[in-house]
Amino acid sequence: MSNVAYIYHPDCLHHDMGIGHPECPARFSSIEDQLIASNLFDFVRHHQAPEATREQLIRVHDKKYVNHVLSFENKQSEYLDPDTMITPQTPKAALRAAGALVMATELVMKKQAKAAFCNVRPPGHHAMHKQAMGFCFFNNVAVGAAHAIHHFGLRKVAVVDFDVHHGNGTEDIFRNEPRVLFCSSFEHPFYPFCGAETVKDHIINVPLTAGTGSDKFREAVLEHWIPALHKFEPQMIFISAGFDAHRDDDMSHVHLSERDYTWLTQELLVIADKFAEGRVVSTLEGGYELHSLGRSVAAHLRALMRLT
Ligand SMILES: [Zn+2]
């Protein structure tokens, strides 16, 4: 048994934006299937995510917005943006997804786990302070980072986002929060068409041109993120782990592989070991080609378990 926690909840499967929507419940199952096939599933510590509390959510979201999302438990489905449908099942799933990050933070801070991975949906990194966007409702990783700061009193927390889309929601929430170093890599120009212009010392945006492969991606990480992380000396590292930059995922035009996810995870563990007593919390963001998604999460988790 490893000391890595694996956090999920069945409520996350009940949020369904309709046939053909890429952010679908099958993503969850394809990850679990691959973890079982890779012989990793029995070696992580399983936990069911609690619901995030209102207090935990309003650290990063507008109160009225939180109430609006939660009110849909008793309403008809509605599109909050052209890609993002809220259904009566969405509030519970979103509460569990955000709650998973709170639990992961608690487990890691209390040394009940060395690291944690949250296999949850809906994803979170496009969710802004008071707006749902891009399949996201509550910004799960931001809820976790804010819990580390406000509940545990950490002064320096890094959030690393390697999803192929810019983590605009996380940037929006932490734009004026220098206790958070936010590192995001993303195809540009590409949805959500922002991030490349940001000028802030604690926001390290790395736009990638279409066609970027392993070599250029790793060069960019080594040039921009790693020095910034060393300088910042984070007490904890959160990862917005989106796997839609995989070469088999036609959501984007960036061509990474499982090996790149292993490599980056190991690079982040080196930083975590040096400055943060090894504390890493990772959560699923994007990744829509079900086969490469499963393989990529397995590679990422195997690295978090320090088996590679
Ligand atoms: Zn994405």
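This report concerns the structure included in the present document. On a predicted model such as this, the values are computed, not experimentally measured, just so you know.

Basis of the calculations
- Residues numbered from 1 in each chain as written.
- Predicted model: local features only at pLDDT ≥ 70, side-chain atom pairs only at ≥ 80, totals over all residues.
- Heavy atoms only, no water.
- Helix = DSSP H or I, 4+ residues; strand = E, 2+ residues; numbered from the N terminus.
- Rg over C-alpha atoms; globule rule 2.2 N^0.38 Å.
- Contact = heavy atoms within 4.5 Å.
- Donors = N, O, S within 2.8 Å, 3.2 Å for Na, K, Ca; no water.
- Buried < 20%, exposed > 50% of the residue type's maximum accessible area, 1.4 Å probe, protein only.
- Core = buried A, V, L, I, M, F, W, Y, C linked by side-chain atoms within 4.5 Å.
- Axes fitted to C-alpha atoms, helices over the stretch in contact; angles between N-to-C directions.
- Parallel < 35°, antiparallel > 145°, perpendicular 65-115°, else oblique.
- Left-handed = near helix turned anticlockwise from the far one by under 90°.
- Nonpolar A, V, L, I, M, F, W, Y, C, P; charged D, E, K, R; others polar.
- Polar contact = N/O pair within 3.5 Å; in protein donor to acceptor, adjacent residues only side chain to side chain.
- Pairing = 2+ DSSP bridges.

### Let's talk about the overall build of the protein
A tally of helices and strands in the protein yields nine helices and ten strands. A globule of 308 residues ought to have a C-alpha radius of gyration of about 19 Å, and the protein, at 17 Å, matches this closely. Across its three principal directions, the C-alpha atoms of the protein cover 45 × 45 × 40 Å. Excluding contacts between residues fewer than 6 apart, the proportion of contacts in the protein whose partners are at least 24 apart in sequence is 74%.

### Re the coordination of the zinc ion
Ideal donor angles around a metal are set by the shape: a four-donor tetrahedron calls for 109.5 degrees, a six-donor octahedron for 90 or 180 degrees. The protein atoms that coordinate the zinc ion are Asp163 (OD), Asp163 (OD), His165 (ND1) and Asp244 (OD), at distances of 2.0 to 2.7 Å. In terms of primary sequence, the donors binding the zinc ion are separated according to D-x1-H-x78-D. Pair noted here: Asp163 is in the loop between β6 (157-161) and α6 (168-174) and Asp244 is in the loop between β9 (236-241) and α8 (258-275), with a separation of 81 residues, a long-range link. Across the pair, Asp244 and Asp163 agree in class, each one buried.

### Examining the nonpolar core
Counting 51 residues, the largest nonpolar core has Leu35, Phe162, Trp225 and Leu229 as the members making the most contacts within it. The element that contributes the greatest number of residues to this core is helix α7 (residues 214-232), accounting for eight residues. Excluding its chain neighbours within four sequence positions, the residues that come into contact with Leu35 are Tyr6, Leu40, Phe41, Val297, Ala298 and Leu301.

### Structural notes on the packing of helix α1 (residues 26-37) against helix α9 (residues 290-304)
One way to put it is that α1 packs onto α9 with a least axis distance of 8 Å and a crossing angle of 55 degrees. In terms of axis orientation, α1 runs oblique to α9. Between α1 and α9 lies a crossing of right-handed hand. Of the residues in α9, those touching α1 at Ala26, Arg27, Ser30, Ile31, Gln34 and Leu35 are Leu290, Leu293, Gly294, Arg295, Val297, Ala298 and Leu301. Partitioned by chemical class, the residues of the contact of α1 with α9 number eight nonpolar, three polar and two charged.

### As for the side chain of Glu258
Along the chain, Glu258 turns up in helix α8. A polar contact of 2.8 Å, which involves the side chain of Glu258, links it to the side chain of His246. Leaving out residues up to four positions away in the same chain, Glu258 has contacts with His246, Arg295, Ser296 and Ala299.

### Remarks on unusual backbone geometry
Residues His188 and Pro189 are joined by a peptide bond in cis, for which omega reads 0 degrees. Along the chain, the position of Pro189 falls in the loop between β7 (180-187) and β8 (203-208). A cis amide bond, omega 0 degrees, links Tyr191 with the succeeding residue Pro192. The residue Pro192 is located in the loop between β7 and β8 in this model. With phi around 60 degrees, Phe193 is a residue other than glycine that occupies positive phi space. When you line up the elements, Phe193 lands in the loop between β7 and β8. Phi is positive for Glu233, close to 55 degrees, though the residue is something other than glycine.

### A short note on the sheet that holds strand β10 (residues 280-284)
Judged by pairing direction, the sheet is parallel, and its eight strands sit side by side in the order β2-β1-β5-β10-β9-β6-β7-β8 without closing on themselves. In this open sheet, the two edge strands, each paired with only one partner strand, are β2 (45-48) and β8. The mean angle between the axes of side-by-side strands here comes to 15 degrees, regardless of whether they run parallel or antiparallel. Where α8 meets the sheet, its contacts fall on β6, β9 and β10, and the angle it forms with β9 comes to roughly 160 degrees.

### Some details on the packing of α8 against α9
As a packed pair, α8 and α9 sit with axes 8 Å apart at the nearest point and diverge in direction by 25 degrees. With respect to each other, α8 and α9 are oriented roughly parallel. The two elements α8 and α9 cross, and the hand of that crossing is right-handed. Where α8 approaches α9, its residues Glu258, Tyr261, Thr262, Thr265, Gln266 and Leu269 are matched on the opposing element by Arg295, Ser296, Ala299, His300, Ala303 and Leu304. Across the contact of α8 with α9, the residue classes break down as five nonpolar, five polar and two charged.

So far we have only geometry, and geometry alone does not tell us how the molecule works.
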